[in-house]
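A structural walkthrough
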Amino acid sequence: MTPTQLLDEVEDALLDRRELITQEQAYALADLADGVGDTLPRMLDLAHRVRLAWCGEEVSLESILSSKTGGCPEDCAFCSQSSAFNTPVKPQPYLTREEVVGAARDAQGTGATEFCLVLAIKGPDEKAMAHILEAAQAIQEETQLEVAVSAGLLTREQAETIAAAGVIRYNHNLEAARSFFPSICTTHGWEERWETCQFVRDAGMELCSGGILGMGETPRQRAELALALRELQPAEVPVNFLNPRPGTPLQKASILDPRVALHGVALFRLVIPFAMLRYAGGREVVLGDLQGTGILGGANGLIVGNYLTTLGRSTADDVRMLHDLAVPVKALTGIL
Ligand code: SF4
């Protein structure tokens, strides 16, 4: 089958019949990453039309700030918050209730509708659970914001307790394809991440789960990750690009070719047409001036401002980019 025939087939499925594409089609789309220059414009155009048809016009902005930074005992090879590596990110204590509420009020002041606590931990121990529950309660008492949490691996009981505390969404990334995950982490398994995502769904919270592109995986492994995520029915899928961090095992990894990165964005949109696809960490480094192209190629969300441990470009630059692209912006969402 030629690339044109493949893209015609995918278009028929997603736009005419409104059906998901098959595994075979997903892997065939992944193969287009080789010689990507020839097919990229058509793939991006199709991904954009699929995004408009399945998700609508609006693009959502979200800002993040960590409430527990560094000192994580896990050894994820991309992560500067791991205590297994000698990185410039040093462990910080938990933010206090007052700091959390203050940041939530600030976020509400900028128009945020949602606030997410991000903790760099393997999963919550008693202290972390107490922090999450107290913070969730405080934010709900002191603001009108909805609360989201990202705090690593959960047990079923913890997922139920967090849901019962009024948390509407939980972020837990699969990070990589199952077949690639052992190359980037040895202290926990992909299956544990998968299980946590299921506990989140079973507990009635919305699931936010995505991954990182450019860690040395093959294009087919990107399709494998997208297919696995699709099975979990996430509400939101963050797509990060590896920005090699000093001191981590991936510090010397090459930066993804921007055209291959855009191919990845379009691939994720065509495999997971129903979810919000959020450009997350690494987009400035990998895409540079091509960031707007991804918004016209399948993505419909941005993390704005600074990331957990790296600086992003200014929110004003992103808002200007969206304005120039004539893309309507959904309410700003703040993450702590
Ligand atoms: S579990 Fe999370 S915070 Fe810890 S090393 Fe892995 S990615 Fe980093």
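Quick note: structure is the one above.
Throughout this document, residue positions are counted from 1 along each chain, in the order its sequence is written. Local features in a predicted model are, by the rule used here, given only for residues with pLDDT of at least 70; side-chain atom pairs are given and counted only at 80 or more, and totals for whole chains, interfaces and linings are based on all residues. Processing note: side-chain calculations cover all non-hydrogen atoms of the structure and skip hydrogens and water entirely.

Some remarks on helix α9 (residues 258–271)
For the record, the criterion: Going along the chain from the N terminus, every DSSP run of H or I of four or more residues is numbered as a helix, and every run of E of two or more is numbered as a strand. Under the convention used throughout, the expected extent of a helix is 1.5 Å for every residue step, that is, one less than its residue count. We call a residue buried when its accessible area falls under 20% of the maximum for its residue type, exposed when it is over 50%, and partly exposed in between, using a 1.4 Å probe and counting protein chains only.
The terminal C-alpha atoms of α9, which comprises 14 residues, lie 20 Å apart, in line with the 20 Å expected from a rise of 1.5 Å per residue. In terms of burial, α9 is largely enclosed, as 12 of its 14 residues are buried. Along α9, the residues that are buried comprise V260, A261, L262, H263, G264, V265, A266, L267, F268, R269, L270 and V271.

A word on the environment of E224
What counts is decided by this rule: Contacts were defined at the residue level, with two residues in contact if any of their heavy atoms lie within 4.5 Å.
Its place among the elements puts E224 in helix α8 (residues 219–232). Spatially, the C-alpha atom of E224 lies 8.7 Å from that of A176, the residues being 48 residues apart in sequence. Not counting residues up to four positions away in its chain, the partners in contact with E224 are Y27, A177, R178 and S179.

Some thoughts on the packing of helix α4 (residues 97–109) against helix α5 (residues 126–142)
Here is the rule we go by: Fitted lines through C-alpha atoms give the axes, limited to the stretch in contact for helices. The angle between two N-to-C directions lies from 0 to 180 degrees. Should an angle lie under 35 degrees it is considered roughly parallel, over 145 roughly antiparallel, and from 65 to 115 roughly perpendicular; all remaining angles are considered oblique. For any helix crossing, the convention is left-handed if the near helix is rotated counterclockwise from the far helix by under a right angle, and right-handed if that rotation is clockwise.
With their axes 9 Å apart at the nearest point, α4 and α5 run at an angle of 45° to one another. Here α5 runs oblique to α4, going by the angle between their axes. Where α4 crosses over α5, the two elements pack in a sense that is right-handed. Across the interface between the two elements, R97, V100, V101, A104 and R105 from α4 touch H131, E134, A135, A138, I139, E141 and E142 from α5.

Digging into the pattern of salt bridges
This is how the line gets drawn: When a carboxyl oxygen of Asp or Glu is within 4 Å of a side-chain nitrogen of Lys or Arg, the pair counts as a salt bridge.
Within the structure shown, the criterion is met by 17 salt bridges. Residue R193 is joined to E175 by a salt bridge in which the shortest nitrogen-to-oxygen separation is 3.7 Å. Taken together, the positions of R193 in helix α7 (residues 190–202) and E175 in the loop between β4 (167–171) and α7 put the pair 18 residues apart, joining distant regions of the chain. Exposure class is identical for R193 and E175. Each is buried. Connected through shared salt-bridge partners, D8, E11, R42, D45 and R49 make up one network.

Keep in mind these values describe shape, not function.
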